[in-house]
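Reading the structure
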Amino acid sequence: MIKKFIPLIILGLVLTGCTSKEGPPDVQTDAETELPNETDQTAEDTLQTLQVQPGHFQYVVDWLSDREIVYVEQEENTYAIKSFNRLTGKSELIDREDSFINDVLVHPSKKYLLIHTSDDSDSATVKIIALDGTVLHQLTIDSKELSIEWNDIDEKLVLLTAFHDDWSFDLFYFDGHEEEMTSISLEDPFPKWLGTEQLLTLGGNGAVSAYHIKTEEISATGISGVVQFETYFDSLLTMQPGEEEKVLLEMRNGEGELVGKVEMPAVSSFSGLVMPEMDWLSADEVRMKVPTAGGKLDEMTAPFQLADIRRGQVNVLMEDVPDGPLHCSPAGTYCLTGYEGEDVLDLAKKELTKWLEQ
């Protein structure tokens, strides 16, 4: 493979050096799991609610800290990224854009944001900023749709998949250390990071392969039959079809060693098996909405349990939680849920409340 460096169209490149309640089949559960208390919360603390205008509010992003939630709203002809402090009830501006903000990602370090904006349907701008608004990297890329994979370890490493009118795609690797964007030739348009030097791809028969960025070599991992997978730092979580309408989840460490596995009911959509909504707590632990029964996602009536899965052990935290995306605070005490992120699960109190009012 010939490495091709793609010139960047710079918009202002800035660098700084500086209804069953029982546990799912074959899952060991522990409903008495204790959660960490937030160190700065007292018994008198009252968590505030954010009141927003429906015509201006855009969407919830993620936690910035155990108290602060990032969200996007429109203000006149601009789009603002703000953080809301649930303890003080105050919002602070992080960044303002003249262009529509398609997406915002919060880096696991909680020190940086990646902002995807666009002025038209033919190109996109990607910008990485510090929390004080300082622009660290900025580039534009021709695309109709853009998929972004931000490295969990190094905020300067980004994968960009640019889709075109005919749904062909170009895959790029942006290295902020060198300010270079490199074209990568892979059949899978959605590779994921494993560490900082490897990408994992999904091929025929569900085989997972590793692409080594420095050598441009592809090697087999020996893992097959996978329908979906997720990575975090150098950990890998795979999902494979199991027996009797179940799926098997397996977790591996950076050396590829199996550190735990668990079976749960299979949930599917029109496109196939669905990975349960989840959020990584650490390199060997995920928080997941575990189905208590299988079926088609849009027809399911059985509840979900919120559980922590670590090394094959499933510890139930709450029963009967709503479906929808899941974003948990750094300490793990709170989780945003609901399809707009408007609800918060207080896992210490085992309560579901609405923090966002429109």
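It should be noted that the structure appears before, not after, this text.
Here's a quick rundown of the structure. Note that the coordinates shown come from a computational prediction; the quantities given were computed from them, not determined experimentally.

Looking at the overall build of the chain
Along the chain, the regular secondary structure elements total zero helices and 34 strands. For the chain, buried positions account for 50% of its 358 residues. On the chain, roughly 17500 Å² of surface is accessible, and the fraction owed to carbon and sulfur atoms is 46%.

Focus: the layout of surface pockets
Computed from the structure, the largest pocket encloses a volume of approximately 1800 Å³. What lines the largest pocket is a set of 44 residues, among which Leu105, Glu230, Met278, Asp279 and His327 lie closest to the centre. Those elements giving two or more residues to the lining of the largest pocket turn out to be strand S3 (57–63), strand S7 (100–106), strand S8 (112–118), strand S11 (145–150), strand S15 (192–194), strand S19 (228–232), strand S25 (278–282) and strand S30 (327–328). Taken together, the residues that form the lining of the largest pocket break down as 28 nonpolar, six polar and 10 charged.

Looking at the pattern of salt bridges
The full count for this structure, using the stated rule, is 13 salt bridges. Close ionic contact of Asp165 with Lys144 constitutes a salt bridge, the shortest N to O distance being 3.6 Å. You can see Asp165 sitting in the loop between strand S12 (157–163) and strand S13 (169–175) and its partner Lys144 sitting in the loop between strand S10 (135–142) and S11, a full 21 residues away along the chain. As a salt-bridge pair, Lys246 and Glu263 come within 3.5 Å of each other at their nearest N and O atoms. You can see Lys246 sitting in strand S21 (residues 246–252) and its partner Glu263 sitting in strand S22 (residues 258–265), a full 17 residues away along the chain.

Quick word on the pairing of strand S29 (residues 313–321)
Where strand S28 (residues 304–310) and S29 come together, six bridges link them in antiparallel fashion. The partner of Asp308 across the bridge, within S29, is Asn315.

Considering the sheet that holds strand S24 (residues 272–273)
Read across the sheet, three strands follow the order S24-S23-S27 without closing on themselves; strand pairing throughout is mixed. At either margin of the open sheet sits one strand with a lone partner, and together these are S24 and strand S27 (295–296). As defined by bridge partners, strand S23 (residues 267–269) adjoins S24 across two bridges and the pair is classed as antiparallel. For Ser269, the partnering residue across the bridge sits in S24 and is Gly272.

Description of the sheet that holds strand S31 (residues 334–337)
Spatially, the four strands line up as an open sheet ordered S30-S31-S32-S33, and their pairing is antiparallel. Two strands lie at the open edges of the sheet, namely S30 and strand S33 (351–354), each paired on one side alone.

Topic: empty space enclosed by the protein
Volume-wise, the largest cavity comes out at about 60 Å³. Around the largest cavity, the lining residues are Leu237, Leu249, Met251, Gly260, Lys261, Val262, Val286, Ile309, Arg310, Arg311 and Gly312. Going through the elements one at a time, S21, S22 and S28 are the ones with two or more residues in the lining of the largest cavity. Counting residues per element, the lining of the largest cavity draws most heavily on S22, at three residues. Taken together, the residues of the lining of the largest cavity break down into six nonpolar, two polar and three charged.

Considering the state of the cysteines
Under the defined criterion, the tally for this structure stands at one disulfide. Between the sulfur atoms of Cys328 and its disulfide mate Cys335 the distance is 2.2 Å. Because the sign of the S-S torsion sets the handedness, a value of about 95 degrees for the bond joining Cys328 and Cys335 places this disulfide among the right-handed ones.

Here we look at the nonpolar core
Looking at soluble globular proteins, one finds that nonpolar side chains tend to be buried together. Among the nonpolar cores identified, the biggest contains 19 residues, and Leu237, Leu249, Met264, Val286, Met288 and Ile309 are the most heavily contacted of them. At the level of elements, strand S20 (235–241), S21, S22, S25, strand S26 (285–291) and S28 are the ones that each hand at least two residues to this core. Dropping the residues within four chain positions of it, Met288 is found in contact with Leu237, Leu249, Met264, Pro276, Glu277, Met278, Gln305, Leu306, Ala307, Ile309 and Leu326. Core analysis: the second largest hydrophobic core is formed by 17 residues, Tyr112, Ile141, Ala162 and Phe174 among them.

Overview of the pairing of S20
Burial within S20 is extensive, with six of its seven residues counted as buried. In terms of strand pairing, S19 meets S20 through five bridges, oriented antiparallel. Considered in S20, the bridge of Phe229 is made with Thr238. With antiparallel pairing between neighbouring strands as the criterion, S19 and S20 make up a hairpin whose turn holds two residues, including Phe233 at a positive phi of roughly 55 degrees. Bridge analysis of S20 against S21 gives six bridges, and the strand direction is antiparallel. Within S21, the position partnered with Gln240 by the bridge is Leu248.

Rules and cut-offs
- Residues numbered from 1 in each chain as written.
- Predicted model: local features only at pLDDT ≥ 70, side-chain atom pairs only at ≥ 80, totals over all residues.
- Heavy atoms only, no water.
- Helix = DSSP H or I, 4+ residues; strand = E, 2+ residues; numbered from the N terminus.
- Buried < 20%, exposed > 50% of the residue type's maximum accessible area, 1.4 Å probe, protein only.
- Areas by Shrake-Rupley, 256 points an atom, 1.4 Å probe, with all protein chains shown as cover.
- 1 Å grid on protein atoms, 1.4 Å probe; cavity = no way out; pocket = protein on both sides within 12 Å on 5 of 7 lines; lining within 4 Å.
- Points joined across faces, edges and corners; volume = space filled by probe spheres on them.
- Nonpolar A, V, L, I, M, F, W, Y, C, P; charged D, E, K, R; others polar.
- Salt bridge = Lys/Arg side-chain N within 4 Å of Asp/Glu carboxyl O.
- Pairing = 2+ DSSP bridges.
- Disulfide = S-S within 2.5 Å.
- Core = buried A, V, L, I, M, F, W, Y, C linked by side-chain atoms within 4.5 Å.
- Contact = heavy atoms within 4.5 Å.

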